[in-house]
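Examination of the molecular architecture
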Amino acid sequence: QVQLVESGGGLVQPGGSLRLSCAASRSLSVINSMGWYRQAPGKQRELVAGITSGGTTNYADFVKGRFTISRDSAKNTVDLQMNVLKPEDTALYYCNAKIQRAPYTRPVDYWGQGTQVTVSS
């Protein structure tokens, strides 16, 4: 099991930047992958970016070139640097961790409480 705590959300103008941080209660070495998801009102939760234990990253097409996910194993944190923010990036952003408890089993999802990002002038 792992607890996740997000921070860094807020209000920013279009074109601005924000950095989200997710602190995990356990070492990242026991977590198979981590990621950031978002959910806007009336919409389904969607993947924004992910990073595996090996450091491989993946991004949703709508954030490629603007967002960067990174991990700090010493601090047990995963950050999301968001640049050139757009009003459509407004959403509740959730940190996610996937832990595979045994070989050939489906990873278990863990979620943080979410942090609000609002992009508006």
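Presented here is an overview of the structure given in this document.

Analysis parameters
- Here the residue numbering is sequential within each chain, running from 1 through the sequence in written order.
- In keeping with the model being predicted, local features are shown solely for residues with a pLDDT of at least 70 and side-chain atom pairs are shown and tallied solely at 80 or more, while totals for entire chains, interfaces and linings include all residues.
- Side-chain measures were taken over the full set of non-hydrogen atoms in the model, leaving aside hydrogen atoms and water.
- Two strands pair under a simple rule: DSSP has to find at least two bridges between them.
- A run of H or I in DSSP becomes a helix once it reaches four residues, and a run of E becomes a strand once it reaches two; helices and strands are each numbered from the N terminus.
- Convention adopted: a line fitted to C-alpha atoms gives each axis, helices being fitted over their contacting stretch, and angles between N-to-C directions are expressed from 0 to 180 degrees.
- In the sections that follow, a salt bridge refers to a side-chain nitrogen of Lys or Arg positioned within 4 Å of a carboxyl oxygen of Asp or Glu.

Moving on: the sheet that holds strand β1 (residues 4-7). Hydrogen bonds between backbone groups are what pair the strands of a sheet, and the pairing can be parallel or antiparallel. Read across the sheet, 4 strands follow the order β1-β3-β8-β7 without closing on themselves; strand pairing throughout is antiparallel. Each end of this open sheet is capped by a strand with a single partner; those strands are β1 and β7 (67-72). Adjacent strand axes in the sheet meet at a mean angle of 15 degrees, parallel and antiparallel pairs treated alike. Inspection of the sheet shows β7 paired to strand β8 (residues 77-82) by 6 bridges, in the antiparallel sense. The partner of Ile69 across the bridge, within β8, is Leu80.

Further remarks concern the pattern of salt bridges. As enumerated under the stated definition, the model contains 6 salt bridges in all. For the salt bridge of Glu46 with Arg38, the shortest nitrogen-to-oxygen distance reads 2.9 Å. Lys98 is the partner of Asp109 in a salt bridge, and the nearest nitrogen-oxygen pair spans 2.5 Å. Here Asp109, found in strand β10 (residues 108-111), pairs with Lys98, found in strand β9 (residues 91-99); they are 11 residues apart in sequence, far enough to count as distant.

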